[in-house]
Structure formats: structure tokens, C-alpha cells
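One letter stands for each residue in the lines below.
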Amino acid sequence: MALTPVENQTPGFVALVAAAAGAFFGLFVGTAQGSGLLGVLIGAALVGGLGFALAGMRDQERPIRWVLIAAFAVAGFVMGGLPAAVMGLLFGAFVGWFIFWLSTSRYRVHLAPYLTPGQVLWHYTFRVICGAIFIFLITPILVVMPLSFNAQDFFTFTPEMIRFDPEGYSLKHYRDFFTNADWQQAMWNSIKIAPMATILSVGFGTLAAIGLSQPHVPFRRAIMAILISPMIVPLIISAAGMYFFYSRIGLQGTYFGVVLAHAALGIPFVIITVTATLVGFDRSLTRAAANMGAGPVTTFFRVQMPLILPGVISGGLFAFITSFDEVVVVLFVGSAGQKTLPWQMFIGLREQISPTILAVATILVVVSICLLTVVEMLRRRSERLRGMSPS
């Protein structure tokens, strides 16, 4: 198979690819200004023209990149003040790097030399698509966080916030959360419900995963499908079913009923994570412990549990997040005395537009990020214990 040489690209090639990138960014800028098509045309023409002009000036890469950064920053400041200057600075840094990255063929340095131009194109196109999807998913979360510091009772960026004026920012929504009796009661209800639901989920889910991992258990696939069905069935259906069932046995509107409902939602996560951990478990260890006289309980706590503990904790964290963030089931099964934090947030959206919701949402995002970080650390530890290389 012929090898593709790494050589400098022609100005036409650089201009074409740079124009495509400029059109992509111009679409967002133009849409924000009210004309997406105009943004695409201006972005493609501007970046494509820069690509064509600078492709042959590789020996002056560093000063040219600094000039582009300064030029775009100044243009942004003239058109939109300090925020636009920051965006212009970042865009200028990207344009300068991207043009010379293309013209010097640095994009092929870390790729296999036998890849065809079409394969190289798909390699980077796939990454651009994944990046666009990631940005689409993460942007709503990133927008909420600065809005929670809004000094006004609005759900939009005020002119003061856009200008980075300190008068436009405030912690009053956070103060309202920590001083308002309704929000504090909802928070303590969530703190009382979520840990108990997590304990039940971890206990039942771990035992179910261990039992279903045994090859001699009959109908284990069908049982597994039933146990993880709360994660598949639409939540409104599960909530309605729990309401009619719990109302018949006197659990509707009780603390214990909400805990059981959230435990049922968390058990599938525990089963899946513990089952995944048991895939690499060496069962000869339990047989060796039994041969040495250890009972089933001793074998579980002294041999099996330490090795599957990362999966158990990961499942418990997912169960905790599920219980802490759940609102549909608690609306059906709970009462005013079990009003949780998500329930209070739902009321704040339905009955009154309370910006405190943004502060609570930011706190929950930070807590979720911390918990997911712990999950990732436990996953890596589990792979190390099983002799695998964390990827």
C-alpha cells in the first residue's frame, strides 16, 4: 500500500478547508445576530481569504498568529465591547493555529501514513461531529451557571452582565436558597430520602447482581430484564403504577413509600454496574475460600466484596443521583410533607418564576460533577484490581 507523504499544502486547499470552518463558526455568530446565512457567507469569505493569503507564509507563523489574535480582539472590542473582545481573541487564536496546522500538514503527523485523503477527512469529520454534539448537550448547563449570579430577577443575561459590570452580578439567589424556609425544607427532605433509598438500592441490587451472575440460576435473563425495567419503561408509567399500588396498601403519601419508590428506580443502576464488575471476577477465589473453611457470608465480605466494591459504590452513586434528582415519581407517590428539592424547583417554574431555581440547578450540577468524578476514579481502581489497563 502506498504511503501518503507529509508535505505542505497548496493555498487553494487551505482556503477551502478554512472557509468551511469559518462558515461553521459564522453560522452561530450570524444566528445570534439574526441572520445565519449572512454569518455563513462572511465567515467563509473571511477565514477562507486568510487561509489563501497566509498559506505561503509559513516561515512567519508565530508573528502572524499574534497579529491575528490582536486584530480579532480589537475588532471584537469595537463591535461589542469587552465580551466580544474576549471572543475575538479566542477566535483569532484558533484561526491562526488552524491555518498553519493545515498548510504545514501537521494534521497528518499523528495519523497512519497509509491513510487515504478520504480516510483522513472522515477521521476529522467524525471528531467535529462528536464535538458539535458535545457542545449541543453541554451548552444549556453552561448557560445556567452564570445566570445564577444575575443581580436581577430575570432568566436572561442583562446588559450589565454582558458588559461584565460587577453591578450585574450578585449572590442573592444563593442567599435566598439558604435562608428560604421552603427551599431548606425541600433540601432536607431530599437529604433524608436519597440516602435511605440508596442503601436499599445497593443492598438489593448487589444481591440481585451476584445471584444473577451465577450460571445455574434459571430464567436469569428474564429476571434481569424485569429488574432493570424501571430504567427502560417511561417514568410516568412507573409513577402511575406505583401510585395505584401504594394507595391500596397505605404507602402513598408516606416517607417510606417515597423511599421504596426511589429505591426501585435506583436498583437497575446498581445491578448494571455490579454485573459489569463481576465480569472480570475470578470465581476460583471464592472456591478457594470455601475449601479453606470460610462460610458464604465470610467469603462474601472478606473475598468478594473488596473486589467488587468499586462497582457497588459506583452503582450507589448513580442510585443517589437518581433519587436526589427525581421529580415525577415523588409527585405521584409523595405528599406535601415529602416535597423534595426537584419538586420545589418544579413548583418554582409552574407557579412562580423564581431565579433561585438557577442557583439550585448550579449547586446540583456541581454536586453531580463531583459524584461522576468519584465514579470515574472508582472505575479506574476497579480495572486496576482486575488487572486491566484503564482506558
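From a predicted model like this one, the values you see are computed outputs, not experimental measurements. (Residues numbered from 1 in each chain as written. Predicted model: local features only at pLDDT ≥ 70, side-chain atom pairs only at ≥ 80, totals over all residues. Heavy atoms only, no water.)

A few words now on the packing of helix α7 (residues 181-212) against helix α10 (residues 255-278). Running from N to C, α7 and α10 point in directions that differ by 40°, and their axes come no closer than 6 Å. Taken together, the axes of α7 and α10 are oblique relative to one another. Of the two possible hands of crossing, α7 and α10 adopt the one that is right-handed. Split by residue class, the contact of α7 with α10 holds 19 nonpolar, six polar and one charged. (Axes fitted to C-alpha atoms, helices over the stretch in contact; angles between N-to-C directions. Helix = DSSP H or I, 4+ residues; strand = E, 2+ residues; numbered from the N terminus. Parallel < 35°, antiparallel > 145°, perpendicular 65-115°, else oblique. Left-handed = near helix turned anticlockwise from the far one by under 90°. Nonpolar A, V, L, I, M, F, W, Y, C, P; charged D, E, K, R; others polar.)

It is worth spelling out the nonpolar core at this point. In terms of nonpolar packing, the biggest core is built from 20 residues, with L50, L54, L68, V95, I99 and L102 touching the most fellow members. For this core, the elements supplying multiple residues, two or more each, are α1 (11-33), α2 (36-54) and α3 (61-103). It is α3 that provides the largest number of residues to this core, a total of nine residues. Counting residues in hydrophobic clusters, the runner-up holds 15 residues, among them I193, V259, V329 and I347. (Core = buried A, V, L, I, M, F, W, Y, C linked by side-chain atoms within 4.5 Å. Buried < 20%, exposed > 50% of the residue type's maximum accessible area, 1.4 Å probe, protein only.)

Before going further, it helps to examine the packing of aromatic side chains. The relative placement of two aromatic rings is captured by the distance of their centres and the angle of their planes. Summed over the entire model, instances satisfying the criterion amount to 21 aromatic pairs. Note on Y243 and F244: the rings are 5.3 Å apart at their centroids and 70° apart in plane angle, and the pair reads as edge-to-face. Residue class for Y243 comes out partly exposed when judged on its relative accessible area of 33%. Given a relative accessible area of 55%, F244 falls into the exposed group. Connected via pairs of aromatic rings, a cluster forms that spans F13, F24, F25, F72, F91, F94, W97, F98, W101, Y107 and Y124. (Phe/Tyr/Trp six-rings, centres within 6.5 Å; stacked < 30°, edge-to-face > 60°.)

Attention shifts here to the confidence of the model for the chain. A residue-level look at the chain finds 95% of positions with pLDDT of 70 or above and a mean pLDDT of 83. α7 holds the highest mean pLDDT among the elements of the chain, 90, whereas helix α5 (residues 159-162) holds the lowest, 76. (pLDDT = per-residue confidence, 0-100.)

Packing of α2 against α3 brings their axes to within 11 Å, and their N-to-C directions diverge by 40°. As summarised for this structure, α2 and α3 are arranged oblique, according to the angle between their axes. Judged by the sense of rotation from one axis to the other, the crossing of α2 with α3 is right-handed. Each of L46, V47, L50, G51 and L54 in α2 lies in contact with α3, whose residues at this interface are I64, L68, F72, F91, V95, I99 and F100. (Contact = heavy atoms within 4.5 Å.)

Moving on, we come to unusual backbone geometry. Located in the positive-phi region is S105, a residue other than glycine, with phi close to 60°. On the secondary structure map, S105 appears in the loop between α3 and α4 (117-147). One non-glycine residue with positive phi stands out, namely F219, at about 55°. Topologically, F219 is positioned in the loop between α7 and α8 (220-227). On the basis of relative accessibility, which here comes to 69%, the residue F219 falls in the exposed class.

Along the chain, the position of S323 falls in helix α12 (residues 296-325). Polar side-chain contacts of S323 include one of 2.8 Å to the side chain of H262. (Polar contact = N/O pair within 3.5 Å; in protein donor to acceptor, adjacent residues only side chain to side chain.)

Turning our attention to the environment of A263. Summarising the element assignment, A263 is placed in helix α10. Judged by relative accessible area, which is 4%, A263 ranks as buried. Distance from A263 to A197, taken between C-alpha atoms, is 4.5 Å for residues 66 residues apart in sequence. Beyond its immediate chain neighbours, meaning those up to four positions away, A263 contacts A197, L200 and S201.

Right, let's get into α10. In an α-helix there are 3.6 residues to a turn, and that puts residues three or four apart on one side. Along its 24 residues, α10 runs 33 Å from first to last C-alpha, staying within 8% of the 34 Å computed at 1.5 Å per residue. Along its length, α10 reaches its greatest deviation from straightness, about 30°, at G266, and the proline P268 lies no more than four positions downstream. (Expected span 1.5 Å × (residues − 1). Bend = angle between axes of the 7 residues up to and from the residue.)

Counted according to the given criterion, the structure contains two salt bridges. Its salt-bridge partner being E61, residue R65 comes within 3.1 Å of it at the nearest N-O pair. Taken together, the positions of R65 and E61, both in helix α3 and four residues apart, correspond to about one turn of that helix. Among the residues examined, E61 registers a relative accessible area of 16% and is labelled buried. The salt bridge partner of R106 is E61, with a shortest N-O separation of 3.0 Å. Taken together, the positions of R106 in the loop between α3 and α4 and E61 in helix α3 put the pair 45 residues apart, joining distant regions of the chain. The network of salt bridges with shared partners includes E61, R65 and R106. (Salt bridge = Lys/Arg side-chain N within 4 Å of Asp/Glu carboxyl O.)

Per the stated rule, a full pass over the model turns up one cavity of 30 Å³ or more. Among the secondary structure elements, those contributing two or more residues to the lining of the largest cavity are α12 and α15 (356-385). The residue makeup of the lining of the largest cavity, split by class, is six nonpolar, one polar and one charged. (1 Å grid on protein atoms, 1.4 Å probe; cavity = no way out; pocket = protein on both sides within 12 Å on 5 of 7 lines; lining within 4 Å. Points joined across faces, edges and corners; volume = space filled by probe spheres on them.)

Below, the discussion takes up the layout of surface pockets. In this model, the largest pocket occupies a volume close to 1600 Å³. Counting only elements with at least two residues in the lining of the largest pocket, the list comes to α1, α2, α3, α4 and α5. Ranked by the residues each element gives to the lining of the largest pocket, the list is headed by α3, at 13 residues. When grouped by side-chain class, the residues that make up the lining of the largest pocket number 26 nonpolar, 11 polar and no charged. Space inside the second largest pocket adds up to approximately 1000 Å³. Residue lining of the second largest pocket: 30 residues in total, with V17, F98, Y124, T125 and V128 positioned closest to the centre. By residue class, the composition of the lining of the second largest pocket is 22 nonpolar, five polar and three charged.

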